[in-house]
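Overview (structure and organization)
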Amino acid sequence: MPKNNPGFQAKKVLLIFFLFLTHAVFAQTDTVHISIDTKNVAGHYNPIWSYFGYDEANFTTMKDGKKLLTELSQLSNAPVYVRTHNLLTSGDGKAALKWSSTNVYTEDENGNPVYYWKIVDSIFDVFVKRGIRPIAEIGFMPEALSTNPHPYRHHWKPGVPYDSIYTGWAYPPKDYNKWAELIYQWVKHCVKRFGETEVKKWYWEVWNEPNISYWKGTMQEYFKLYDYTADAVKRALPSARIGGPTSTGPGWNKAADFLKAFLQHCVDDKNYATGKTGSPLDYITFHAKGNPKVVNNQVQMNMSAQLKDVEKGFEIINEFPSLKHLPVMIGEFDPEGCAACSVDYSPENAYRNGTMYSSYTAAAFAQLYKMAMKYHINLIGAVSWSFEFENQRWFGGFRDLSTNGVDKPVLNVFRMFGKMKGDMLAVDNPDGLSLQAIVDSSVRHQSYVDALATIDADTMYVMLWNYHDDEQTKTEAWINVDLKNINAKQVSVSGYVVDKNHSNAYTKWQQIGSPQQPSKQQIIDLQNAGQLMQNITGEKLKTINGNLHYHFTLAGQGVSLLKVSW
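Since we're looking at a predicted model, the values are computed, not measured.

Under the criterion given, the structure shown has 1 disulfide. One disulfide in the model links Cys338 with Cys341; its S-S distance is 2.1 Å. Between Cys338 and Cys341 the sulfur-sulfur dihedral comes to about 80°; the bridge is accordingly right-handed. Accessibility classification places Cys338 together with Cys341 in one group, the buried group.

Following the criterion strictly, the structure yields 24 salt bridges and no others. Taking the shortest distance from any N to any O, the salt bridge between Lys234 and Asp282 comes out at 2.7 Å. Taken together, the positions of Lys234 in helix α6 (residues 219-236) and Asp282 in the loop between α7 (255-268) and β9 (283-289) put the pair 48 residues apart, joining distant regions of the chain. You can call Asp282 partly exposed: its relative accessible area is 26%. Among the charged side chains, a salt-bridge network with shared partners connects Arg83, Glu137, Glu205, Lys289, Glu332, Asp334, Glu336, Arg352 and Arg399.

Following the criterion strictly, the structure yields 51 aromatic pairs and no others. Ring geometry for Trp49 against Phe417: centres 6.2 Å apart, planes inclined by 15°, an arrangement best described as stacked. Of this pair, Trp49 sits in the loop between β1 (29-44) and β2 (51-54) while Phe417 sits in helix α10 (residues 409-419); the two residues are 368 residues apart in sequence, bridging distant segments of the chain. The same class applies to Trp49 as to Phe417, namely buried. Ring centres 6.3 Å apart and planes at 65° place the aromatic pair Phe314 and Tyr375 in the edge-to-face group. One end of the pair, Phe314, is in helix α8 (residues 303-317); the other, Tyr375, is in helix α9 (residues 355-375), and 61 residues separate them in sequence. Like Tyr375, Phe314 is buried. Positioned over the ring face of Tyr203 is Arg241, at 3.9 Å from the centre of the ring.

Here we come to the packing of α8 against α9. The relative placement of two packed helices comes down to the angle between their axes together with the axis-to-axis distance. Packing of α8 against α9 brings their axes to within 11 Å, and their N-to-C directions diverge by 25°. Here α9 runs roughly parallel to α8, going by the angle between their axes. Relative to α9, the crossing made by α8 is right-handed. Facing α8, whose interface residues are Met303, Gln306, Leu307, Val310, Glu311, Phe314 and Glu315, α9 presents Tyr360, Ala363, Ala364, Gln367, Leu368, Met371, Ala372, Lys374 and Tyr375. Residues of the contact of α8 with α9, tallied by class, amount to 11 nonpolar, 2 polar and 3 charged.

So, on to the UniProt feature "active site" (unreviewed entry) in the chain. Annotation from UniProt places "active site" (unreviewed entry) at Glu209. Mapped onto the fold, Glu209 is located in the loop between β7 (203-206) and α6. Classification of Glu209 as buried rests on a relative accessible area of 9%.

Right, let's talk about the UniProt feature "domain: Glycosyl hydrolases family 39 N-terminal catalytic" (unreviewed entry) in the chain for a bit. Under the feature "domain: Glycosyl hydrolases family 39 N-terminal catalytic" (unreviewed entry), the UniProt entry names residues 33-530. For residues 33-530, helix accounts for 30% and strand for 23%, while the C-alpha atoms at its two ends are 30 Å apart.

Enumeration according to the criterion identifies 3 cavities of 30 Å³ or more in this entry. Of the pockets and cavities examined, the largest cavity occupies roughly 70 Å³. Contributing to the lining of the largest cavity are Gln306, Phe333, Asp334, Pro335, Tyr357, Tyr360, Thr361, Ala364, Phe365, Ser384 and Phe414. Taken together, the elements giving at least two residues each to the lining of the largest cavity come down to β12 (327-334) and α9.

Turning to the layout of surface pockets, a few remarks are in order. Estimated volume of the largest pocket: approximately 390 Å³. Lining the largest pocket are 28 residues, and of these Tyr162, Trp252, Glu336, Gly337 and Cys338 lie nearest its centre. In terms of residue class, the lining of the largest pocket is built from 10 nonpolar, 10 polar and 8 charged.

Rules of the game
- Residues numbered from 1 in each chain as written.
- Predicted model: local features only at pLDDT ≥ 70, side-chain atom pairs only at ≥ 80, totals over all residues.
- Heavy atoms only, no water.
- Disulfide = S-S within 2.5 Å.
- Buried < 20%, exposed > 50% of the residue type's maximum accessible area, 1.4 Å probe, protein only.
- Salt bridge = Lys/Arg side-chain N within 4 Å of Asp/Glu carboxyl O.
- Helix = DSSP H or I, 4+ residues; strand = E, 2+ residues; numbered from the N terminus.
- Phe/Tyr/Trp six-rings, centres within 6.5 Å; stacked < 30°, edge-to-face > 60°.
- Lys NZ or Arg CZ within 6 Å of the ring centre and 35° of its normal.
- Axes fitted to C-alpha atoms, helices over the stretch in contact; angles between N-to-C directions.
- Parallel < 35°, antiparallel > 145°, perpendicular 65-115°, else oblique.
- Left-handed = near helix turned anticlockwise from the far one by under 90°.
- Contact = heavy atoms within 4.5 Å.
- Nonpolar A, V, L, I, M, F, W, Y, C, P; charged D, E, K, R; others polar.
- UniProt positions renumbered as here; feature names shortened; annotations may be inferred.
- 1 Å grid on protein atoms, 1.4 Å probe; cavity = no way out; pocket = protein on both sides within 12 Å on 5 of 7 lines; lining within 4 Å.
- Points joined across faces, edges and corners; volume = space filled by probe spheres on them.

Next comes the structure, spelled out in structure tokens:
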């Protein structure tokens, strides 16, 4: 055909345009090479992700709370642990943002204790029925015991100064012996109701973040509270596991000093309750939070701040030779500090509904495994302070796992974690970021594409993520995975994915017009969209000399799980 033919010229233009688009696509695609050897075992895969928590304990017994707890209990065969605030707070048992109550303790006209277990029992009943184990947070102060009880009930909501939550429940007891007797009676009651075999599987901890305004007493008064509480718990059930101090991230101002002083107190200070040296300590717990901000009109996450909290906490623990063997729990492990603070008044929280939260979660928990290995810490769990907010607007920008009974993308990452089992495998990724690089600078200069891998008998699991701190940096990644030393000539590959268009009820909700009153059918569609989507179903592939080369693309802020069986 002559080159001056109009049809030929049109096709030439289209070809040039296609090549331009192709070049543009590949220019926005990172290529990553990951190698995993089945024989290179790095340690056992502990389910540190199966820990969750929330302020509003009364949500436990409500419709969507029960639904979500049922889903959490089904994540895997590993037990799920749940921590809540306000288990001892006075009130009528009705939940509000950052508020709950159980009214366990009042006094008669003569000042004698009156114990009431109905509400707190109903909360633990929901847990135990589902095989969930409580992290029984011993707090806050009942009104009748508080040294400064008025005002007691707060009415906080987003937009109101956060410090307004710290009312009469945050003060020390006016009588430590009455406080200790309350704790003794509570633990004895739990043993009678649920059985010693069950209750000794729980964790008990004293208060929450006593180094800030959650505790209106001094540091020494907290140590006194801890001693009296731990003694009461152990008298009621000697095999009970008690821990603390549940302080804020050690990277915060003076928080490291508080954690260090608490551990020192447990080792060799005089016990306020018994007069002996030291205090019972079965596990150590502190918190770790990130610090997102709005930069250039977009959310920019900060994993570095969160990991520095963890690193500092681990360093402090290693200063105490007699405590280094103890289990460690990160009592709250989240991208920032306020689950109930919505996006309306805190625009940096806009990451919460979509895939930024899910990819951050995958990458952050992977760093915890590395950090625990580096510091030789017996890390048993990291509590995601994210649950649900009953009867709030759809996708309201809270830090939660579901909204109105519809699961958000982040919950599907925990479903992926739940599918993994066995031993952890070392991951060779020359294109990835090191743990130290993320601790120092977070993920700002390049996308962080990496993997977490486990092996169990004849199945390998590989979770991969494509994460970046900047919301708008969503570079697609072309991932080449080399799996080595597979003892089979053929494998079956299945896959799951969380990205903008898969396992994502938020995208579906936006596509149907972001309704605040969706129809019954729309709710069903949203619930289906919120489940973990399988995108590869039993693909049969042959190995070459025991090796398998597999390649695929992963969207920016996407997370994928490969299951390779033989």
